[in-house]
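# Remarks on the overall topology
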Amino acid sequence: MTEKTQEFFIHFGLEWENNHSILLDHSIITEETVKTVIFELNKIVFGWSLQIEVFTLPAENGGFLKKFLIFVWWVILTWALRDVSNWIVLWLTWKELKDLSADWTIMIKEMIIWFLQNKNNDLDNSWINYDTFYKAYDAKNKFYQSANNNPKVIGLWFDKEDTFPVPRNEFAYRIVDLKHKTSSIDPVEKFHKLKIVSPINTKEDKELCRQAKDIQKKSQRFSVYMEDQNFYDFFLNNPFFINTLIVKVSYHIERDDNWEIQIKKKSIVNVYQYNDTIFTPLPEKYIIEKAPWELDEHKNITEFKQETKMQWLFDV
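Here the structure is a predicted model, which is why all the values come from computation and not from measurement.

## Quick look at the packing of aromatic side chains
Tallied over the full model, the rule gives 19 aromatic pairs. Each ring, one from F234 and one from F240, has its centre 5.9 Å from the other, and the planes form 55°; the classification is tilted. Judged by relative accessible area, which is 23%, F240 ranks as partly exposed. Above the plane of the ring of Y173 lies K119, whose end atom (NZ or CZ) is 4.6 Å from the centre. Here the guanidinium or amino end of K140 rests over the ring plane of F115, the centre of that ring lying 5.1 Å away.

## Digging into the confidence of the model for the protein
For the protein, mean pLDDT is 82; residues scoring 70 or higher make up 81% of the total. Low pLDDT, under 50, characterises residues 297-303; the predicted model gives this stretch 10 contacts beyond four residues in sequence or across chains. Confidence drops under a pLDDT of 50 for residues 308-316, and excluding neighbours within four residues, the segment shows 20 contacts in the predicted structure.

## What to know about the pattern of salt bridges
With the rule as written, the count across this model stands at 7 salt bridges. One salt bridge in this structure joins R174 and E170, with 3.8 Å as the shortest N-O distance. Owing to a relative accessible area of 23%, E170 belongs among the partly exposed residues under this scheme. In this structure, the salt-bridge partner of K265 is E227, at a minimum N-O distance of 2.7 Å.

## Focus: unusual backbone geometry
Here the amide bond leading from A291 into P292 is cis, since omega sits at -5°, within 30 degrees of zero. Mapped onto the secondary structure, P292 falls in the loop between β11 (277-278) and α8 (301-309). Even without being glycine, F164 reaches a positive phi, approximately 50°. Mapped onto the fold, F164 is located in the loop between β4 (153-157) and β5 (166-167). Residue classification places F164 among the buried residues on the basis of a relative accessible area of 17%.

## As for helix α7 (residues 229-237)
If you check which residues of α7 are buried, you get F231, Y232 and F235. Projected onto a plane normal to the axis of α7, the buried residues spread over an arc of 95° and lie on a single side. Pointing more than 90 degrees away from the buried face of α7 are the exposed residues N230 and N237. For α7, the capping residue at the N-terminal end is D228, with a side-chain oxygen 3.2 Å from the backbone nitrogen of N230.

What counts as what
- Residues numbered from 1 in each chain as written.
- Predicted model: local features only at pLDDT ≥ 70, side-chain atom pairs only at ≥ 80, totals over all residues.
- Heavy atoms only, no water.
- Phe/Tyr/Trp six-rings, centres within 6.5 Å; stacked < 30°, edge-to-face > 60°.
- Buried < 20%, exposed > 50% of the residue type's maximum accessible area, 1.4 Å probe, protein only.
- Lys NZ or Arg CZ within 6 Å of the ring centre and 35° of its normal.
- pLDDT = per-residue confidence, 0-100.
- Contact = heavy atoms within 4.5 Å.
- Salt bridge = Lys/Arg side-chain N within 4 Å of Asp/Glu carboxyl O.
- Helix = DSSP H or I, 4+ residues; strand = E, 2+ residues; numbered from the N terminus.
- Arc of directions from axis to C-beta.
- Polar contact = N/O pair within 3.5 Å; in protein donor to acceptor, adjacent residues only side chain to side chain.

In structure tokens:
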């Protein structure tokens, strides 16, 4: 536990020596960037173990200087997080967790500054990847785009000195097109035994959703597409009443504009049995699970994102 405070600065070098102002929107974006980067570091690196407070302080003379006060006042870091946290702390500060944990506030300050001041390619090459730290990179984008949109800003730095080693012509190295740098999430596939409530019986309507229920969860309907073309062609050529199906359903997962994950589509990709008739043999190892599968049944959304985004830590 610590209550030591640390000041840090975001220093805008402005075109004229006596110019000490920027637009209000630019100032707000700067503060939101600091807030988001701290929030994401605490969530991803420390699993919400740190209690952090950040304050803005009166500006000082010289260009335009935004002054922040930060302190970490409580730490509950579980052992399960220590290895992961140590790697990322090392990449962001060049110091190990054990060397910084005596003063968590200094560590957080150094991590924020290192993330904001370095080129995105250098961070990504150091495993601070775009998938895992998407929101932090998005906030950084807005920060540098806002500075770039202000023709008065000729440089940036993160202390009180007037050296501004991040010149305007290098802002672009700290802005990234996240849509082309982030990866998709693989679908989740589950085996289910379904009761078909509303079948689709014509070729013209095959792109429509069916309504189905789990054989055990009879009160909950859900929509699902039929994408096993072999089964559907067989069904159209030999029309019959479908009561139940044993199937593999693919749950297509996407991120929304807020980078939250959600199920966008459910598709039957393989039919193994219709009613009491085997259509194609089931794999040797399979488990029939209740349908529909939901994200919150996979522990919770945060842990699902951690597993999909941070698997690289354990694959290297």
